[in-house]
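# A closer look at the structure
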Amino acid sequence: MGVQPQTEEFLVSARPDLIDARETWLKSLKNTRRLAANTLEAYERDTRQFFQFLTGHLGEPPALKDVASLRIADLRSFLARRRNDGAGARTLGRGLAGIRSFLRFLEKQGMANAAASIAMRAPRQPKSLPKPLTMVDARRVVEMGEQLNEEPWIAARNAAVLTLLYGCGLRISEALGLDGGALTDHGVRSILVTGKGGKTRMVPLLPVVHRAVSEYRALCPYDLEEGKPLFRGARGGELHPAIIQRDMQKMRGALGLPDTATPHALRHSFATHLLGRGGDLRTIQELLGHASLSTTQVYTGVDTERLMEIYEKAHPRA
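Just so you know, these numbers come straight off a predicted model, no measurement behind them.

Turning next to the overall build of the chain. Helix and strand content of the chain: 15 helices and 2 strands. In the chain, which comprises 318 residues, the proportion classed as buried is 43%. For the chain, long-range pairs separated by at least 24 residues make up 64% of all intrachain contacts whose partners lie at least 6 apart in sequence. As displayed, the chain offers around 17400 Å² of accessible surface, 51% of which is attributable to carbon and sulfur atoms.

Next up, the structure:
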């Protein structure tokens with residue numbers, strides 16, 4: 001990924017020396033640190049918005065020397081502007097993280113001082129818990145994937161993708177990134193998946209996953225050969241997450257589920273249901289591909305919340 005084309009939408013308001021430094025930084029994030037594509041896009045967008053703010057703040061497009069001498073007051077003004085524009089705490093925190101990463105990169109090159117961004121405290125993040133589906137609803141969603149589309153092979157495709165999300169706890173990008181040569185041997189009980197940052201992990205395969213993918217293979221009109229994507233769009237090209245998200249939206253309406261019932265909610269459901277059936281956090285951490293156990297620990301809160309809800313509904317004195 002490089003700096004976006006200089007269309008009106010992606011115009012970077014900055015002097016050439018600052019644009020060049022940003023381009024080098026973005027390339028290092030992709031090629032050296034191997035950040036996920038979504039993170040790269042967010043950092044590109046956040047720094048572009050920051051430069052636009054500095055243009056108004058300084059009265060002219062910023063140069064490298066302007067960014068090198070940033071003060072905490074400048075960063076606070078930027079966050080205040082973004083907050084007034086409706087940005088929430090998570091967006092603000094991510095924006096500050098992108099600016100901080102850029103300044104640290106410049107500091108290592110001897111071109112800036114990152115002290116202000118390091119000293120700047122990120123906005124307090126609201127505590128939110130994942131919203132998993134119930135076991136019954138998760139199964140209904142997977143089964144509905146087989147019925148929603150008029151084209152049998154597309155219905156089978158959607159069902160296979162949803163089964164991977166719930167049956168293996170995959171991110172949608174991980175499922176859609178599977179190679180055409182994957183899951184061809186029914187005797188294979190696990191698969192190697194590439195997740196965020198290019199990290200790989202071993203994921204167990206249930207028989208129901210093999211069956212769903214096999215049915216899709218049998219009906220798909222395209223050659224699902226090794227080296228090409230396993231899951232295809234209607235015209236045979238790469239299947240994009242937005243297609244599955246759109247069909248999931250239709251399922252929510254058909255099944256009467258809340259807006260929180262998204263493809264990613266099936267991954268949350270995978271983790272929550274494992275924990276509820278006695279799975280330990282370390283194992284679930286490995287299955288999900290979380291770098292930190294603290295990320296996985298949010299599911300203990302989900303399970304406790306669910307238990308308290310059942311208790312309050314069922315106990316005669318509650």
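There's plenty left to go through after this.
This brings us to the packing of aromatic side chains. For the coordinates displayed, the defined rule picks out 8 aromatic pairs. Plain terms: the ring middles of Trp 25 and Phe 102 are 5.1 Å apart, the flat faces sit at 50° to each other, and that makes the pair tilted. Of this pair, Trp 25 sits in helix H1 (residues 16-31) while Phe 102 sits in helix H5 (residues 89-108), placing them 77 residues apart in sequence. Here the two residues Trp 25 and Phe 102 agree in accessibility, since each one is buried. Here the aromatic cluster, defined as three or more aromatic residues joined through ring pairs, consists of Trp 25, Tyr 43, Phe 51 and Phe 102.

Here the focus is the packing of helix H4 (residues 72-84) against H5. Interhelical geometry of H4 versus H5 gives an angle of 145° and a closest axis separation of 10 Å. Crossing geometry of H4 relative to H5 is assigned as right-handed. In this structure, H4 contributes Leu 75, Phe 78, Leu 79, Arg 82 and Arg 83 to the contact, and H5 contributes Thr 91, Leu 92 and Ile 99.

Mapped onto the elements of the fold, Asn 158 is located in helix H8 (residues 152-168). If near-sequence neighbours (up to four positions away) are discounted, Asn 158 is found in contact with Gly 145, Ile 244 and Asp 247.

In the predicted model, the chain carries a mean pLDDT of 84, and 87% of its residues have values of at least 70. Helix H15 (residues 298-314) is the least confidently modelled element of the chain, averaging 61 in pLDDT, while helix H10 (residues 207-219) averages 94, the highest of any element. Counted against residues more than four places away or in other chains, residues 1-9, with its pLDDT under 50, gives 17 contacts.

In this section: the nonpolar core. In summary, soluble globular proteins display a tendency toward joint burial of nonpolar side chains. Within the largest apolar cluster, 50 residues are counted, with the highest numbers of intra-cluster contacts made by Val 141, Leu 162, Leu 164, Leu 183, Tyr 216, Phe 231 and Leu 266. Breaking this core down by element, the ones donating at least two residues are helix H7 (135-144), H8, helix H9 (172-176), strand E1 (190-194), H10, helix H11 (241-255), helix H12 (263-276) and helix H13 (281-288). Once residues within four sequence positions are removed from consideration, Tyr 216 is found in contact with Trp 153, Ala 156, Arg 157, Ala 160, Leu 224, Leu 230, Phe 231 and Arg 232. Grouped together as the second largest cluster of nonpolar side chains are 31 residues, Leu 26, Ala 87, Leu 92 and Ala 116 included.

Moving on to the environment of Asp 74. With respect to the helices and strands, Asp 74 occurs in helix H4. For Asp 74, a relative accessible area of 7% puts it in the buried group. Separated by 43 residues in the primary sequence, Asp 74 and Ser 117 place their C-alpha atoms 9.8 Å from one another. In contact with Asp 74, other than residues within four places in its own chain, are Phe 53 and His 57.

Once that is clear, we can look at the pairing of strand E2 (residues 200-204). Going residue by residue along E2, you find Arg 201 and Val 203 tucked away on one face and Thr 200, Met 202 and Pro 204 left uncovered on the opposite face. Taken together, the 5 bridges between E1 and E2 define a ladder with antiparallel strand orientation. The residue bridging Ser 190 from the neighbouring strand is Pro 204, located in E2. What sits between E1 and E2 in their antiparallel hairpin is a turn of 5 residues, with Gly 197 showing a positive phi close to 65°.

On to the pattern of salt bridges. Under the defined criterion, the tally for this structure stands at 14 salt bridges. For Glu 174, the salt bridge identified is with Arg 201, shortest N-O distance 2.8 Å. Taken together, the residues Glu 174 in helix H9 and Arg 201 in strand E2 connect sequence positions 27 residues apart. The partner of Arg 252 in a salt bridge is Asp 259, and the shortest N-O contact between them spans 4.0 Å. Arg 252 sits in the buried class, given a relative accessible area of 14%. Each member of the salt-bridge network shares a partner with another, and the members are Arg 22, Glu 44 and Arg 48.

Okay, H8 next. End to end, H8 covers 23 Å across 17 residues, agreeing with the expected 24 Å (1.5 Å per residue, within 8%). Counting buried positions along H8 yields 16 of 17 residues, so the element is predominantly enclosed. Just downstream of H8, Gly 169 is the residue with a positive phi angle, here 70°.

What follows deals with the UniProt feature "active site" (unreviewed entry) in the chain. In the numbering used here, UniProt assigns the "active site" (unreviewed entry) feature to Arg 171, Lys 196, His 264, Arg 267, His 290 and Tyr 299. Lining the largest pocket, from this annotated set, are Arg 171, Lys 196, His 264, Arg 267, His 290 and Tyr 299. Considering the arrangement of structural elements, one finds His 290 in the loop between H13 and helix H14 (293-296). Look at His 290 and you get buried, because its relative accessible area is 15%. When neighbours within four sequence positions are excluded, His 290 is seen to be in contact with Arg 171, Arg 267, Gln 285, Thr 295, Thr 296 and Tyr 299.

What counts as what
Residues numbered from 1 in each chain as written. Predicted model: local features only at pLDDT ≥ 70, side-chain atom pairs only at ≥ 80, totals over all residues. Heavy atoms only, no water. Helix = DSSP H or I, 4+ residues; strand = E, 2+ residues; numbered from the N terminus. Buried < 20%, exposed > 50% of the residue type's maximum accessible area, 1.4 Å probe, protein only. Contact = heavy atoms within 4.5 Å. Areas by Shrake-Rupley, 256 points an atom, 1.4 Å probe, with all protein chains shown as cover. Phe/Tyr/Trp six-rings, centres within 6.5 Å; stacked < 30°, edge-to-face > 60°. Axes fitted to C-alpha atoms, helices over the stretch in contact; angles between N-to-C directions. Left-handed = near helix turned anticlockwise from the far one by under 90°. pLDDT = per-residue confidence, 0-100. Core = buried A, V, L, I, M, F, W, Y, C linked by side-chain atoms within 4.5 Å. Pairing = 2+ DSSP bridges. Salt bridge = Lys/Arg side-chain N within 4 Å of Asp/Glu carboxyl O. Expected span 1.5 Å × (residues − 1). UniProt positions renumbered as here; feature names shortened; annotations may be inferred. 1 Å grid on protein atoms, 1.4 Å probe; cavity = no way out; pocket = protein on both sides within 12 Å on 5 of 7 lines; lining within 4 Å.

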